[in-house]
Amino acid sequence: MKILLPFFITLSTLIGLSASAQTTGKAALAKAIIADERLDTIQAMALKLLSGFSAGTSYNEVWIRDFNTFIKGSLRVHPKDEVKTNILLFFKIQGDDGNIVDGVVDSAKANVGYKYRYSPLLRGWAAHKNTVETDQESSLVQAVKKYIDVTGDKTILNEVIGGKTVLQRMEDAFIYLQKDRWSAKYGLVTGATTIDWGDVQADGGWGVAINDKTKWAIDIYDNAMFVMALHDFVAMQPKGYKAKQNWALVAANVTKNVRKYLWDSKEQKYIPHLYLNGSPFAPDFNEKEILYLGGSICAIQAGFNTPAEVKEINRQMVAAAAKEKHATIGITVYPPYPTERFPNMHSYDYQNGGDWTWFGGRMIAPLLSYGYSRDAYAELSPMLDRVIANNGFFEWYDVRSGAPKGSGDFRGEAGVLYDAITVLKQWAAKNK
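Residues numbered from 1 in each chain as written. Predicted model: local features only at pLDDT ≥ 70, side-chain atom pairs only at ≥ 80, totals over all residues. Heavy atoms only, no water.

With 14 residues, helix α3 (residues 64–77) should cover 20 Å at 1.5 Å per step; its first-to-last C-alpha distance of 19 Å lies within 8% of that length. The axis of α3 is deflected most strongly, by about 60 degrees, at Ile71. Within α3, 11 of the 14 residues are buried, which leaves the element mostly enclosed by the surrounding structure. (Helix = DSSP H or I, 4+ residues; strand = E, 2+ residues; numbered from the N terminus. Expected span 1.5 Å × (residues − 1). Bend = angle between axes of the 7 residues up to and from the residue. Buried < 20%, exposed > 50% of the residue type's maximum accessible area, 1.4 Å probe, protein only.)

Turning our attention to unusual backbone geometry. With an omega dihedral of -10 degrees, the bond running from Tyr334 to Pro335 counts as a cis peptide bond. You can see Pro335 is positioned in the loop between β14 (333–334) and α11 (357–360). A positive phi angle is found at Asp409, which is not glycine, with a value near 50 degrees.

Turning next to the sheet that holds strand β8 (residues 191–192). The pairing of strands in a sheet happens through backbone hydrogen bonds and is either parallel or antiparallel. Taken in spatial order, the 3 strands of this open sheet run β8-β9-β12, and their pairing is antiparallel. Across the chains shown, the open sheet's two edge strands, defined by having one partner strand only, are β8 and β12 (274–275). Sheet topology places β8 next to strand β9 (residues 216–218); 2 bridges connect them, and they run antiparallel. The partner of Ala192 across the bridge, within β9, is Trp216. (Pairing = 2+ DSSP bridges.)

With that settled, the discussion passes to the side chain of Thr214. Structurally, the position occupied by Thr214 is in the loop between β8 and β9. There is a polar contact of 2.8 Å between the side chain of Thr214 and the backbone nitrogen of Asn211. Those residues in contact with Thr214, other than ones at most four positions away along the chain, are Ala192, Gln201, Ala209 and Asn277. (Polar contact = N/O pair within 3.5 Å; in protein donor to acceptor, adjacent residues only side chain to side chain. Contact = heavy atoms within 4.5 Å.)

Before going further, it helps to spend a moment on the packing of aromatic side chains. By convention here, two paired aromatic rings are described through the distance between centres and the angle between planes. Going through the model one piece at a time under the given rule, you end up with 27 aromatic pairs. With centroids separated by 6.4 Å and ring planes inclined at 75 degrees, the aromatic side chains of Trp63 and Tyr114 adopt a geometry described as edge-to-face. Taken together, the positions of Trp63 in strand β1 (residues 62–63) and Tyr114 in the loop between β2 (103–106) and β3 (125–128) put the pair 51 residues apart, joining distant regions of the chain. With respect to burial, Trp63 and Tyr114 carry one shared label: buried. Centroid distance Trp182 to Phe226: 6.2 Å. Interplanar angle 75 degrees. Geometry classified as edge-to-face. In this pair, Trp182 sits in strand β6 (residues 182–183) while Phe226 sits in helix α7 (residues 220–236), placing the two residues 44 residues apart along the sequence. On the basis of relative accessibility, which here comes to 28%, the residue Trp182 falls in the partly exposed class. Counting every residue linked through ring pairs, the aromatic cluster contains Trp197, Tyr221, Tyr350, Trp356, Trp358, Phe359, Trp396 and Phe410. Note that Arg362 overlies the ring of Trp358, its terminal NZ or CZ placed 5.2 Å from the centroid. In this structure, Arg386 packs its charged tip against the face of Tyr397, placed 4.0 Å from the ring centre. (Phe/Tyr/Trp six-rings, centres within 6.5 Å; stacked < 30°, edge-to-face > 60°. Lys NZ or Arg CZ within 6 Å of the ring centre and 35° of its normal.)

One open sheet accounts for 3 strands, arranged β1-β2-β3; its pairing is antiparallel. Bordering the open sheet on either side are β1 and β3, each of which pairs with just one other strand. Here 4 bridges tie β2 to β3, and the two strands are oriented antiparallel to one another. Counterpart to Gly103 in the pairing with β3 is His128.

Right, let's talk about the pattern of salt bridges for a bit. Summed over the entire model, instances satisfying the criterion amount to 18 salt bridges. Across the pair Arg38 and Asp36 runs a salt bridge, and its minimum N-O distance is 2.7 Å. There is no split in this pair, since Arg38 and Asp36 are both buried. Across the pair Glu309 and Arg259 runs a salt bridge, and its minimum N-O distance is 2.7 Å. Placement of Glu309 in helix α10 (residues 307–321) and of Arg259 in helix α8 (residues 247–261) is noted, with a sequence separation of 50 residues between them. Sharing partners across several salt bridges, the network here consists of Arg65, Glu133, Asp135 and Asp199. (Salt bridge = Lys/Arg side-chain N within 4 Å of Asp/Glu carboxyl O.)

Here we come to the environment of Ala202. With respect to the secondary-structure elements, Ala202 resides in the loop between β8 and β9. In sequence terms Ala202 and Thr214 are 12 residues apart; their C-alpha atoms lie 8.4 Å from each other. Not counting chain neighbours up to four residues away, the residues in contact with Ala202 comprise Thr193, Pro280, Phe342, Pro343 and Asn344.

Next up on the list: helix α4 (residues 80–92). The end-to-end C-alpha distance of α4, which contains 13 residues, comes to 18 Å, matching closely the 18 Å that a straight helix rising 1.5 Å per residue would cover. Along α4, the residues that are buried comprise Val83, Lys84, Asn86, Ile87, Leu88, Leu89, Phe90 and Phe91.

With that settled, the discussion passes to the nonpolar core. Ile87 and Met170 are the most contacted members of the largest nonpolar core, which has 117 residues in total. Per element, the largest residue contribution to this core is 11 residues, and it comes from α7. Among residues more than four places away in sequence, those in contact with Met170 are Phe91, Val141, Val144, Leu157, Phe233 and Met236. (Core = buried A, V, L, I, M, F, W, Y, C linked by side-chain atoms within 4.5 Å.)

Now for the side chain of Thr193. With respect to the element layout, Thr193 can be found in the loop between β8 and β9. The exposure class of Thr193 is buried, given its relative accessible area of 3%. With near-sequence residues (within four places) excluded, Thr193 lies in contact with Val200, Gln201, Ala202, Lys215, Ala217, His273, Tyr275, Pro280, Phe281 and Phe342.

By themselves, these observations are geometric and do not establish any function.
Okay, here's the thing in C-alpha coordinates:
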(Lines give C-alpha, C1' and ligand atoms only; values in the text may rest on other atoms or scores of the structure.)
Protein backbone atom coordinates (compact mmCIF):
# COMPACT_ATOMS: atom_id res chain seq x y z
CA MET A 1 0.00 0.00 0.00
CA LYS A 2 2.84 2.37 0.88
CA ILE A 3 4.48 1.54 -2.45
CA LEU A 4 1.35 2.33 -4.47
CA LEU A 5 0.40 5.51 -2.64
CA PRO A 6 2.76 7.86 -4.53
CA PHE A 7 1.36 6.55 -7.82
CA PHE A 8 -2.21 7.36 -6.79
CA ILE A 9 -1.19 10.81 -5.58
CA THR A 10 0.62 11.49 -8.86
CA LEU A 11 -2.26 10.20 -10.98
CA SER A 12 -4.74 12.25 -8.97
CA THR A 13 -2.58 15.32 -9.37
CA LEU A 14 -2.27 14.78 -13.13
CA ILE A 15 -6.02 14.35 -13.50
CA GLY A 16 -6.56 17.53 -11.53
CA LEU A 17 -4.04 19.42 -13.63
CA SER A 18 -5.61 18.09 -16.83
CA ALA A 19 -9.11 19.13 -15.74
CA SER A 20 -7.77 22.53 -14.70
CA ALA A 21 -6.03 22.97 -18.06
CA GLN A 22 -9.19 22.03 -19.92
CA THR A 23 -11.21 24.49 -17.87
CA THR A 24 -8.65 27.21 -18.45
CA GLY A 25 -8.58 26.40 -22.16
CA LYS A 26 -12.36 26.60 -22.41
CA ALA A 27 -12.40 29.87 -20.51
CA ALA A 28 -9.80 31.39 -22.84
CA LEU A 29 -11.73 30.22 -25.90
CA ALA A 30 -14.98 31.54 -24.44
CA LYS A 31 -13.32 34.90 -23.78
CA ALA A 32 -12.11 35.07 -27.39
CA ILE A 33 -15.59 34.26 -28.70
CA ILE A 34 -17.24 36.87 -26.49
CA ALA A 35 -14.74 39.48 -27.67
CA ASP A 36 -15.20 38.64 -31.35
CA GLU A 37 -16.98 41.67 -32.83
CA ARG A 38 -17.70 39.80 -36.06
CA LEU A 39 -20.40 37.79 -34.32
CA ASP A 40 -22.57 40.77 -33.37
CA THR A 41 -21.92 42.44 -36.72
CA ILE A 42 -23.06 39.45 -38.74
CA GLN A 43 -26.10 38.74 -36.58
CA ALA A 44 -27.21 42.35 -37.00
CA MET A 45 -26.70 42.08 -40.77
CA ALA A 46 -28.66 38.83 -40.80
CA LEU A 47 -31.64 40.23 -38.91
CA LYS A 48 -31.78 43.20 -41.26
CA LEU A 49 -31.89 40.87 -44.26
CA LEU A 50 -34.47 38.58 -42.68
CA SER A 51 -37.09 41.30 -42.98
CA GLY A 52 -38.19 39.38 -46.08
CA PHE A 53 -39.16 35.77 -46.78
CA SER A 54 -38.01 35.05 -50.34
CA ALA A 55 -34.79 33.09 -50.73
CA GLY A 56 -32.74 36.00 -52.12
CA THR A 57 -32.43 38.61 -54.85
CA SER A 58 -32.49 35.96 -57.60
CA TYR A 59 -35.66 34.35 -56.26
CA ASN A 60 -39.19 35.68 -55.96
CA GLU A 61 -40.41 32.52 -54.22
CA VAL A 62 -40.54 31.57 -50.58
CA TRP A 63 -38.69 28.23 -50.70
CA ILE A 64 -39.41 25.82 -47.88
CA ARG A 65 -35.89 24.32 -47.86
CA ASP A 66 -34.53 27.86 -47.37
CA PHE A 67 -37.26 29.18 -45.04
CA ASN A 68 -36.68 26.18 -42.75
CA THR A 69 -33.12 27.41 -42.20
CA PHE A 70 -33.86 31.07 -41.45
CA ILE A 71 -37.17 30.82 -39.60
CA LYS A 72 -35.58 31.37 -36.18
CA GLY A 73 -34.07 34.63 -37.34
CA SER A 74 -37.36 35.61 -39.00
CA LEU A 75 -39.13 35.23 -35.68
CA ARG A 76 -36.77 37.85 -34.22
CA VAL A 77 -37.93 40.50 -36.69
CA HIS A 78 -41.51 39.54 -37.57
CA PRO A 79 -44.68 39.02 -35.52
CA LYS A 80 -45.20 35.30 -35.02
CA ASP A 81 -48.51 35.38 -36.90
CA GLU A 82 -46.75 36.69 -40.01
CA VAL A 83 -44.25 33.84 -39.86
CA LYS A 84 -47.05 31.36 -39.22
CA THR A 85 -48.91 32.65 -42.28
CA ASN A 86 -45.88 31.92 -44.46
CA ILE A 87 -45.60 28.39 -43.06
CA LEU A 88 -49.27 27.71 -43.73
CA LEU A 89 -48.89 28.68 -47.39
CA PHE A 90 -47.26 25.32 -48.00
CA PHE A 91 -50.07 23.36 -46.37
CA LYS A 92 -52.69 25.30 -48.34
CA ILE A 93 -51.16 24.20 -51.63
CA GLN A 94 -50.24 20.67 -50.52
CA GLY A 95 -50.94 17.96 -53.09
CA ASP A 96 -53.86 15.58 -52.68
CA ASP A 97 -51.33 12.78 -52.22
CA GLY A 98 -49.59 14.71 -49.42
CA ASN A 99 -46.61 16.05 -51.36
CA ILE A 100 -45.18 19.46 -50.48
CA VAL A 101 -43.97 22.03 -53.01
CA ASP A 102 -40.58 23.72 -53.08
CA GLY A 103 -41.64 27.32 -53.51
CA VAL A 104 -44.69 29.56 -53.41
CA VAL A 105 -44.86 32.87 -55.27
CA ASP A 106 -47.25 35.66 -56.16
CA SER A 107 -49.01 34.26 -59.23
CA ALA A 108 -48.19 37.44 -61.16
CA LYS A 109 -44.51 36.52 -60.80
CA ALA A 110 -44.93 32.85 -61.76
CA ASN A 111 -42.95 33.15 -64.98
CA VAL A 112 -39.68 31.26 -64.52
CA GLY A 113 -40.32 28.04 -66.45
CA TYR A 114 -41.55 25.73 -63.74
CA LYS A 115 -44.71 23.66 -64.01
CA TYR A 116 -46.86 25.72 -61.65
CA ARG A 117 -49.55 24.49 -59.31
CA TYR A 118 -52.58 26.43 -58.08
CA SER A 119 -55.12 25.84 -55.33
CA PRO A 120 -58.49 27.37 -54.37
CA LEU A 121 -57.19 27.35 -50.80
CA LEU A 122 -54.43 29.79 -51.78
CA ARG A 123 -55.82 32.26 -54.29
CA GLY A 124 -53.33 34.67 -55.81
CA TRP A 125 -50.41 32.31 -55.34
CA ALA A 126 -48.64 29.77 -57.53
CA ALA A 127 -46.27 26.99 -56.50
CA HIS A 128 -43.78 24.59 -58.03
CA LYS A 129 -41.98 21.41 -57.04
CA ASN A 130 -38.51 20.32 -58.11
CA THR A 131 -39.36 16.66 -58.51
CA VAL A 132 -35.77 15.36 -58.54
CA GLU A 133 -35.30 16.11 -54.83
CA THR A 134 -36.94 14.68 -51.71
CA ASP A 135 -36.56 17.20 -48.92
CA GLN A 136 -39.62 19.46 -49.19
CA GLU A 137 -41.88 17.44 -46.89
CA SER A 138 -39.15 17.04 -44.28
CA SER A 139 -38.21 20.72 -44.46
CA LEU A 140 -41.77 21.86 -43.78
CA VAL A 141 -42.18 19.64 -40.72
CA GLN A 142 -38.84 20.86 -39.37
CA ALA A 143 -39.95 24.46 -39.90
CA VAL A 144 -43.11 23.89 -37.88
CA LYS A 145 -41.01 22.48 -35.03
CA LYS A 146 -38.66 25.48 -35.07
CA TYR A 147 -41.65 27.82 -35.04
CA ILE A 148 -43.05 26.11 -31.93
CA ASP A 149 -39.64 25.96 -30.24
CA VAL A 150 -39.19 29.73 -30.57
CA THR A 151 -42.76 30.92 -29.96
CA GLY A 152 -44.27 28.20 -27.78
CA ASP A 153 -47.36 28.54 -30.00
CA LYS A 154 -48.72 25.03 -30.49
CA THR A 155 -52.01 26.27 -31.95
CA ILE A 156 -50.47 25.95 -35.40
CA LEU A 157 -50.81 22.17 -35.09
CA ASN A 158 -54.60 22.44 -34.92
CA GLU A 159 -55.04 24.95 -37.74
CA VAL A 160 -57.64 23.47 -40.11
CA ILE A 161 -56.90 23.73 -43.82
CA GLY A 162 -59.25 22.12 -46.30
CA GLY A 163 -60.83 20.01 -43.59
CA LYS A 164 -57.53 18.69 -42.21
CA THR A 165 -55.38 19.89 -39.35
CA VAL A 166 -51.72 20.72 -39.78
CA LEU A 167 -50.93 17.62 -37.71
CA GLN A 168 -52.85 15.46 -40.16
CA ARG A 169 -51.26 17.18 -43.13
CA MET A 170 -47.76 16.57 -41.79
CA GLU A 171 -48.59 12.88 -41.52
CA ASP A 172 -49.95 12.96 -45.07
CA ALA A 173 -46.56 14.34 -46.15
CA PHE A 174 -44.78 11.42 -44.50
CA ILE A 175 -47.17 8.93 -46.09
CA TYR A 176 -46.51 10.49 -49.50
CA LEU A 177 -42.80 9.78 -49.03
CA GLN A 178 -43.55 6.20 -48.04
CA LYS A 179 -45.70 5.65 -51.11
CA ASP A 180 -44.05 7.71 -53.84
CA ARG A 181 -40.42 8.09 -52.70
CA TRP A 182 -39.64 4.82 -51.01
CA SER A 183 -37.55 1.72 -51.58
CA ALA A 184 -39.22 -1.28 -49.95
CA LYS A 185 -36.05 -3.27 -50.59
CA TYR A 186 -33.85 -0.94 -48.55
CA GLY A 187 -36.41 0.73 -46.29
CA LEU A 188 -35.12 4.18 -47.25
CA VAL A 189 -36.30 7.37 -48.98
CA THR A 190 -35.48 7.70 -52.68
CA GLY A 191 -34.91 10.52 -55.18
CA ALA A 192 -33.28 11.26 -58.49
CA THR A 193 -29.49 11.24 -58.82
CA THR A 194 -28.33 14.72 -57.82
CA ILE A 195 -25.13 16.05 -56.24
CA ASP A 196 -25.37 15.62 -52.47
CA TRP A 197 -28.26 17.85 -51.30
CA GLY A 198 -28.64 19.45 -54.74
CA ASP A 199 -31.73 19.73 -56.92
CA VAL A 200 -30.25 19.23 -60.41
CA GLN A 201 -29.83 15.81 -62.01
CA ALA A 202 -26.90 14.73 -64.13
CA ASP A 203 -28.20 15.31 -67.66
CA GLY A 204 -31.18 15.54 -69.93
CA GLY A 205 -33.59 18.45 -70.19
CA TRP A 206 -34.85 20.64 -67.35
CA GLY A 207 -32.50 19.49 -64.61
CA VAL A 208 -34.90 19.90 -61.69
CA ALA A 209 -37.66 17.68 -63.13
CA ILE A 210 -37.86 13.91 -63.38
CA ASN A 211 -37.75 12.70 -67.00
CA ASP A 212 -37.08 9.59 -69.02
CA LYS A 213 -33.35 9.78 -68.27
CA THR A 214 -33.76 9.96 -64.50
CA LYS A 215 -31.76 7.44 -62.50
CA TRP A 216 -33.39 6.73 -59.16
CA ALA A 217 -31.15 6.48 -56.14
CA ILE A 218 -30.91 6.63 -52.35
CA ASP A 219 -28.66 9.18 -50.64
CA ILE A 220 -27.80 10.28 -47.14
CA TYR A 221 -29.22 13.81 -47.31
CA ASP A 222 -32.83 12.84 -48.07
CA ASN A 223 -32.86 10.19 -45.36
CA ALA A 224 -31.22 12.40 -42.75
CA MET A 225 -33.77 15.14 -43.40
CA PHE A 226 -36.60 12.60 -43.15
CA VAL A 227 -35.42 11.24 -39.81
CA MET A 228 -34.98 14.75 -38.37
CA ALA A 229 -38.54 15.54 -39.44
CA LEU A 230 -39.87 12.31 -37.90
CA HIS A 231 -38.14 13.12 -34.61
CA ASP A 232 -39.61 16.61 -34.74
CA PHE A 233 -43.11 15.30 -35.35
CA VAL A 234 -42.90 12.85 -32.45
CA ALA A 235 -41.71 15.68 -30.20
CA MET A 236 -44.56 17.96 -31.35
CA GLN A 237 -47.53 15.62 -31.31
CA PRO A 238 -49.85 16.33 -28.37
CA LYS A 239 -50.27 13.82 -25.59
CA GLY A 240 -53.05 11.44 -26.47
CA TYR A 241 -52.87 12.18 -30.21
CA LYS A 242 -53.49 9.04 -32.22
CA ALA A 243 -50.96 9.11 -35.04
CA LYS A 244 -51.53 7.17 -38.24
CA GLN A 245 -48.27 5.28 -37.68
CA ASN A 246 -45.63 4.79 -35.04
CA TRP A 247 -43.33 7.45 -36.47
CA ALA A 248 -40.67 6.90 -33.83
CA LEU A 249 -40.38 3.31 -35.05
CA VAL A 250 -40.19 4.48 -38.67
CA ALA A 251 -37.32 6.80 -37.69
CA ALA A 252 -35.52 3.99 -35.89
CA ASN A 253 -35.83 1.69 -38.90
CA VAL A 254 -34.58 4.32 -41.34
CA THR A 255 -31.64 5.01 -39.02
CA LYS A 256 -30.80 1.31 -38.91
CA ASN A 257 -30.99 1.03 -42.70
CA VAL A 258 -28.85 4.13 -43.21
CA ARG A 259 -26.15 2.46 -41.14
CA LYS A 260 -26.56 -0.78 -43.05
CA TYR A 261 -26.63 0.50 -46.62
CA LEU A 262 -25.17 4.03 -46.80
CA TRP A 263 -22.42 4.15 -44.18
CA ASP A 264 -19.04 2.85 -45.31
CA SER A 265 -17.50 1.72 -42.03
CA LYS A 266 -14.12 1.03 -43.61
CA GLU A 267 -13.74 4.49 -45.12
CA GLN A 268 -15.74 6.16 -42.31
CA LYS A 269 -17.88 8.11 -44.75
CA TYR A 270 -21.23 7.95 -46.54
CA ILE A 271 -21.42 6.55 -50.05
CA PRO A 272 -22.81 9.06 -52.59
CA HIS A 273 -25.63 6.92 -53.99
CA LEU A 274 -27.26 3.53 -53.83
CA TYR A 275 -28.74 3.06 -57.31
CA LEU A 276 -32.14 1.51 -58.02
CA ASN A 277 -32.37 1.47 -61.83
CA GLY A 278 -28.77 1.86 -62.91
CA SER A 279 -26.19 4.60 -62.54
CA PRO A 280 -25.94 7.62 -64.87
CA PHE A 281 -22.15 7.23 -64.76
CA ALA A 282 -19.93 4.95 -66.81
CA PRO A 283 -18.45 1.90 -65.03
CA ASP A 284 -14.94 3.39 -65.11
CA PHE A 285 -16.00 6.27 -62.82
CA ASN A 286 -15.49 5.62 -59.10
CA GLU A 287 -18.14 7.85 -57.54
CA LYS A 288 -17.39 6.51 -54.05
CA GLU A 289 -14.19 8.55 -53.95
CA ILE A 290 -16.31 11.71 -53.64
CA LEU A 291 -16.98 13.08 -50.16
CA TYR A 292 -20.52 14.42 -49.64
CA LEU A 293 -20.06 17.18 -47.07
CA GLY A 294 -23.58 18.61 -46.85
CA GLY A 295 -25.32 15.26 -46.51
CA SER A 296 -22.75 14.15 -43.94
CA ILE A 297 -23.47 17.23 -41.83
CA CYS A 298 -27.20 16.50 -41.96
CA ALA A 299 -26.51 12.88 -41.00
CA ILE A 300 -24.70 14.09 -37.90
CA GLN A 301 -27.63 16.40 -37.12
CA ALA A 302 -29.94 13.40 -37.42
CA GLY A 303 -27.89 11.47 -34.86
CA PHE A 304 -26.66 8.73 -37.18
CA ASN A 305 -23.04 8.75 -36.03
CA THR A 306 -20.98 8.03 -32.91
CA PRO A 307 -18.73 10.73 -31.37
CA ALA A 308 -15.66 9.03 -32.84
CA GLU A 309 -17.26 8.97 -36.29
CA VAL A 310 -18.24 12.63 -36.00
CA LYS A 311 -14.61 13.48 -35.25
CA GLU A 312 -13.42 11.52 -38.29
CA ILE A 313 -16.09 12.96 -40.61
CA ASN A 314 -15.08 16.44 -39.51
CA ARG A 315 -11.40 15.62 -40.09
CA GLN A 316 -12.20 14.50 -43.62
CA MET A 317 -14.21 17.65 -44.32
CA VAL A 318 -11.46 19.94 -43.03
CA ALA A 319 -8.90 18.01 -45.10
CA ALA A 320 -11.05 18.35 -48.22
CA ALA A 321 -11.47 22.09 -47.70
CA ALA A 322 -7.72 22.50 -47.23
CA LYS A 323 -7.14 21.31 -50.80
CA GLU A 324 -8.71 24.44 -52.27
CA LYS A 325 -7.45 27.94 -51.50
CA HIS A 326 -10.79 29.51 -50.62
CA ALA A 327 -12.81 26.51 -49.41
CA THR A 328 -14.50 25.95 -46.06
CA ILE A 329 -16.37 22.88 -44.84
CA GLY A 330 -19.29 24.30 -46.79
CA ILE A 331 -17.85 22.95 -50.05
CA THR A 332 -20.63 20.76 -51.43
CA VAL A 333 -18.61 17.75 -52.51
CA TYR A 334 -14.95 16.95 -52.93
CA PRO A 335 -13.57 16.30 -55.40
CA PRO A 336 -16.23 17.75 -57.75
CA TYR A 337 -17.76 15.56 -60.44
CA PRO A 338 -15.83 15.99 -63.71
CA THR A 339 -17.87 18.13 -66.09
CA GLU A 340 -18.10 15.35 -68.66
CA ARG A 341 -19.64 13.07 -66.02
CA PHE A 342 -22.21 15.63 -64.87
CA PRO A 343 -23.02 17.74 -67.96
CA ASN A 344 -25.85 19.67 -66.27
CA MET A 345 -23.34 21.28 -63.89
CA HIS A 346 -19.66 21.96 -64.48
CA SER A 347 -16.95 21.20 -61.95
CA TYR A 348 -16.60 23.84 -59.21
CA ASP A 349 -19.89 25.40 -60.26
CA TYR A 350 -22.93 25.82 -58.00
CA GLN A 351 -23.68 22.50 -56.27
CA ASN A 352 -20.76 20.69 -57.95
CA GLY A 353 -17.97 21.87 -55.67
CA GLY A 354 -19.24 25.35 -54.90
CA ASP A 355 -18.89 26.45 -51.28
CA TRP A 356 -22.17 26.98 -49.41
CA THR A 357 -22.16 28.45 -45.91
CA TRP A 358 -25.84 27.53 -45.98
CA PHE A 359 -24.72 23.98 -45.25
CA GLY A 360 -21.27 24.42 -43.73
CA GLY A 361 -22.70 26.59 -40.96
CA ARG A 362 -24.97 23.74 -39.88
CA MET A 363 -21.93 21.84 -38.59
CA ILE A 364 -21.22 24.33 -35.80
CA ALA A 365 -23.96 23.26 -33.39
CA PRO A 366 -23.13 19.53 -33.70
CA LEU A 367 -19.42 20.21 -33.13
CA LEU A 368 -20.26 22.11 -29.96
CA SER A 369 -22.61 19.38 -28.75
CA TYR A 370 -19.90 16.73 -29.22
CA GLY A 371 -17.35 18.81 -27.31
CA TYR A 372 -15.35 20.07 -30.28
CA SER A 373 -15.73 23.74 -29.39
CA ARG A 374 -12.34 24.85 -30.68
CA ASP A 375 -13.02 23.16 -34.03
CA ALA A 376 -16.44 24.80 -34.19
CA TYR A 377 -15.02 28.30 -33.76
CA ALA A 378 -12.10 27.69 -36.13
CA GLU A 379 -14.32 26.25 -38.88
CA LEU A 380 -16.89 29.02 -38.59
CA SER A 381 -14.29 31.80 -38.70
CA PRO A 382 -13.56 31.85 -42.46
CA MET A 383 -17.30 31.91 -43.15
CA LEU A 384 -17.59 35.03 -41.00
CA ASP A 385 -14.63 36.68 -42.71
CA ARG A 386 -16.20 36.01 -46.09
CA VAL A 387 -19.47 37.74 -45.23
CA ILE A 388 -17.66 40.80 -43.87
CA ALA A 389 -15.25 40.97 -46.82
CA ASN A 390 -18.18 40.90 -49.27
CA ASN A 391 -20.43 43.08 -47.09
CA GLY A 392 -23.34 40.71 -47.46
CA PHE A 393 -24.69 37.20 -47.75
CA PHE A 394 -24.29 35.27 -50.97
CA GLU A 395 -25.65 31.95 -52.19
CA TRP A 396 -22.29 30.27 -52.77
CA TYR A 397 -18.59 30.95 -53.31
CA ASP A 398 -15.97 29.86 -55.85
CA VAL A 399 -13.37 27.83 -53.94
CA ARG A 400 -10.61 28.69 -56.42
CA SER A 401 -11.06 32.47 -56.55
CA GLY A 402 -13.10 33.15 -53.43
CA ALA A 403 -15.58 35.16 -55.49
CA PRO A 404 -19.20 35.33 -54.26
CA LYS A 405 -21.62 33.69 -56.66
CA GLY A 406 -25.32 33.15 -57.23
CA SER A 407 -28.02 35.10 -55.48
CA GLY A 408 -27.13 38.11 -53.37
CA ASP A 409 -28.99 38.75 -50.11
CA PHE A 410 -29.22 34.99 -49.69
CA ARG A 411 -31.37 34.45 -46.62
CA GLY A 412 -30.40 30.80 -46.21
CA GLU A 413 -26.81 31.79 -45.43
CA ALA A 414 -27.97 34.62 -43.17
CA GLY A 415 -30.25 32.31 -41.21
CA VAL A 416 -27.73 29.51 -40.78
CA LEU A 417 -25.02 31.92 -39.63
CA TYR A 418 -27.43 33.63 -37.26
CA ASP A 419 -28.24 30.26 -35.64
CA ALA A 420 -24.59 29.12 -35.58
CA ILE A 421 -23.48 32.33 -33.88
CA THR A 422 -26.32 32.03 -31.38
CA VAL A 423 -25.24 28.58 -30.20
CA LEU A 424 -21.59 29.64 -30.18
CA LYS A 425 -22.41 32.61 -27.96
CA GLN A 426 -24.46 30.37 -25.67
CA TRP A 427 -21.53 28.00 -25.31
CA ALA A 428 -19.18 30.89 -24.52
CA ALA A 429 -21.53 32.29 -21.89
CA LYS A 430 -21.57 28.95 -20.09
CA ASN A 431 -17.81 28.46 -20.22
CA LYS A 432 -16.39 31.93 -19.59
